[in-house]
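Here is how the chains run, residue by residue.
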Amino acid sequence: MTKLKKTSRTKASDEALNAGSGQTIVQPNVNDNKVTSISDIREQTHGERTVQLDDEQRIRKAFVDKDWNEIKIADSWQIFKVMAEFVEGFEKMSKIGPCVSIFGSARTKPDNPYYQMAEEIASKLVRHGYGVITGGGPGIMEAGNKGARAEGGKSVGLNIELPFEQFHNIYIDSDKIINFDYFFVRKVMFVKYAQGFIGMPGGFGTLDELFEAITLIQTKKIGRFPIVLVGTKYWQGMFDWIKTAMLEDEHNISPEDMDLVQLVDDAASAVKIIDDFYSKYLLSPNF
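Residues numbered from 1 in each chain as written. Predicted model: local features only at pLDDT ≥ 70, side-chain atom pairs only at ≥ 80, totals over all residues. Heavy atoms only, no water.

Worth spelling out the cut-off: UniProt positions are given in the numbering used here, feature names are shortened, and annotations may be inferred rather than shown by experiment.
As recorded by an unreviewed UniProt entry, the protein chain carries the name Cytokinin riboside 5'-monophosphate phosphoribohydrolase and is attributed to Hymenobacter aquaticus. Of the protein chain, the UniProt comment under Catalytic activity (unreviewed entry) reads exactly: "AMP + H2O = D-ribose 5-phosphate + adenine".

## Focus on the overall build of the protein chain
Selection rule: Numbering of helices and strands runs from the N terminus, with a helix taken as a DSSP run of H or I at least four residues long and a strand as a DSSP run of E at least two residues long. Think of it in three bands: residues with accessible area under 20% of the maximum for their type are buried, residues over 50% are exposed, and the middle band is partly exposed, with areas taken using a 1.4 Å probe on protein chains only. Contacts are assigned to residue pairs that have any heavy atoms within 4.5 Å of one another. A 1.4 Å probe and the Shrake-Rupley method give the accessible areas. Residues count as covered only by the protein chains that appear here.
Looking only at helices and strands, one finds 10 helices and seven strands in the protein chain. Considering the protein chain as a whole, with its 287 residues, one finds that 40% of them fall into the buried category. Summarising the internal contacts of the protein chain: among those between residues at least 6 apart in sequence, 71% fall at separations of at least 24. Carbon and sulfur atoms form 54% of the exposed surface of the protein chain, whose accessible area is close to 16700 Å².

## Here we look at the pairing of strand β7 (residues 261–264)
For clarity, the threshold we go by: The pairing criterion for strands is at least two bridges between them, as found by DSSP. Seen with its strands pointing away from the viewer, a crossover is right-handed when the path leading from the first strand over the helix to the second is clockwise.
Pairing of strand β6 (residues 227–230) with β7 involves four bridges; the strand directions are parallel. Residue pairing for β7: V230 is matched across the bridge by V264. One crossover worth recording links β6 to the parallel β7 by way of helix α9 (residues 232–249), and it is right-handed.

## Observations concerning the environment of S269
Within the secondary structure layout, S269 lies in helix α10 (residues 267–278). Note on S269: relative accessible area 27%, which makes it partly exposed.

## As for helix α8 (residues 204–218)
Note: α-helices contain 3.6 residues per turn, so residues at a spacing of three or four share the same orientation. Test applied: Multiply 1.5 Å by the residue count of a helix minus one, and that product is the helix's expected span.
Along its 15 residues, α8 runs 20 Å from first to last C-alpha, staying within 8% of the 21 Å computed at 1.5 Å per residue. Three or more residues of α8 are buried, namely T206, E209, L210, A213, I214, L216 and I217. Lining the buried residues of α8 we find β1 (99–103), α7 (183–192), β5 (197–199), β6, α9 and β7. At the C-terminal side of α8, K220 shows a positive phi close to 60 degrees.

## Some details on the side chain of S101
In this fold, S101 is placed in strand β1. Relative accessible area serves as the criterion here: at 0%, S101 is assigned to the buried category. With residues up to four places along the chain from it excluded, the contact list for S101 reads I133, F190, A194, G196, F197 and I198.

## Some thoughts on the nonpolar core
Here is the rule we go by: What we call a nonpolar core is a set of buried Ala, Val, Leu, Ile, Met, Phe, Trp, Tyr and Cys residues that are connected through their side-chain atoms within 4.5 Å.
With 59 residues, the main nonpolar core has I102, I121, L125, I133, L158, I198 and M200 as its most contacted residues. Considering every element that reaches this core, the biggest residue donor is helix α5 (residues 113–127), with seven residues. Beyond its immediate stretch of four places on either side in the chain, L158 contacts M93, I133, T134, G135, G136, I178, F180, R186, M189 and F190.

## Brief notes about the side chain of K187
Examined against the element boundaries, K187 turns out to sit in helix α7. Ignoring any residue separated from it by four or fewer positions in sequence, one finds K187 in contact with D208, E209 and E212.

## Notes on a nonpolar patch on the surface
Put simply, the rule reads: Put simply, a patch holds well-exposed residues, over 30% relative accessible area, that have no salt bridge, with like charges counted together within 9 Å and Val, Leu, Ile, Met, Phe, Trp or Tyr side chains within 5 Å. For salt bridges, the criterion is a side-chain nitrogen of Lys or Arg within 4 Å of an Asp or Glu carboxyl oxygen.
A cluster of nonpolar residues, I73, W77, I79, F80 and M83, forms a patch on the protein surface that exposes about 600 Å² of accessible area. Take I79: it is sitting in helix α4 (residues 68–93).

## Structural notes on helix α6 (residues 140–150)
α6 sits mainly inside the fold: eight of its 11 residues count as buried. Every buried residue of α6 is listed here: I140, M141, E142, A143, G144, N145, G147 and A148. Buried residues along α6 sit against β1, α5, β2 (131–134), β3 (155–160) and α7. Backbone geometry just downstream of α6 places G152 in the positive-phi region, at approximately 75 degrees.

## Regarding unusual backbone geometry
Here K220, not a glycine, exhibits a phi torsion of approximately 60 degrees, which is positive. Assignment of secondary structure puts K220 in the loop between α8 and β6. Phi angles above zero are rare outside glycine, and H251 is one such case at about 55 degrees. Take H251: it is sitting in the loop between α9 and β7.

## Some thoughts on the packing of α5 against α10
Rules: To obtain each axis, a line is fitted to C-alpha atoms, and for helices this fit is confined to the stretch in contact; angles are then taken between N-to-C directions over 0 to 180 degrees. In a left-handed crossing the near helix is turned counterclockwise from the far helix by less than a right angle, and in a right-handed crossing that turn is clockwise.
As a packed pair, α5 and α10 sit with axes 9 Å apart at the nearest point and diverge in direction by 40 degrees. Of the two possible hands of crossing, α5 and α10 adopt the one that is right-handed. Contacts between α5 and α10 pair M117, E120, I121, K124 and L125 from the former with A267, A268, A270, V271 and I274 from the latter.

As structure tokens, then:
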């Protein structure tokens with residue numbers, strides 16, 4: 001991959017560092033193999049869509065000089081697509097009533113205890129009057145939709161189109177499946193139409209959704225809805241680090257921020273936290 005040319009000071013430093021190593025430092029030309037337009041990229045990739053480019057081509061694309069016409073065409077259509085996803089989401093989600101969002105890994109198998117617990121939590125939530133919103137995919141998301149469907153409750157799936165691992169499960173209500181290209185639009189739907197959040201063990205996507213909710217509550221952009229994390233063994237290490245490093249060592253959060261999330265180990269405790277919170281309120285969508 002082409003590198004930017006270093007300054008003379010940096011170059012001298014590198015030469016001093018490698019003195020006597022037998023290595024020769026070669027400064028690449030910044031214009032080597034440089035593409036100059038979107039059309040060049042399309043030609044090099046035989047017309048493939050840019051989302052299918054490999055990592056190097058995507059990085060090169062970021063440094064392409066676009067003319068104004070290309071900017072208008074690409075960005076204008078992207079704006080309309082984002083708007084379309086918001087409109088569809090608002091239209092389908094606006095009348096679902098009180099729901100709880102369940103986050104968790106797409107990789108969790110049906111024989112995993114956390115899958116079974118997510119299914120139980122969803123069933124209990126429905127029996128207590130809530131609908132269930134998940135990311136619409138397999139794993140924990142499937143378990144949540146399955147539990148909701150089993151009790152005849154509202155089962156919502158906010159599916160994200162990914163090149164691997166994500167496809168919507170069969171337990172989502174047919175009129176409540178929404179497919180997204182953009183994570184940020186999908187996260188708006190998770191937060192806007194949920195009265196509570198339950199986090200099961202998951203990966204980066206789960207953390208992204210979890211901290212989105214925590215941040216919005218901490219900054220008072222949304223109400224202080226309950227956030228429950230299931231699986232103390234899984235989550236405790238992260239929250240120990242948050243307490244020691246973020247709070248005590250660096251003071252990057254406030255002591256009361258630690259109370260925004262509660263950790264539990266069973267389905268009954270998770271649902272009880274949601275119920276106890278809303279026993280003080282008339283249930284209604286948070287918009």
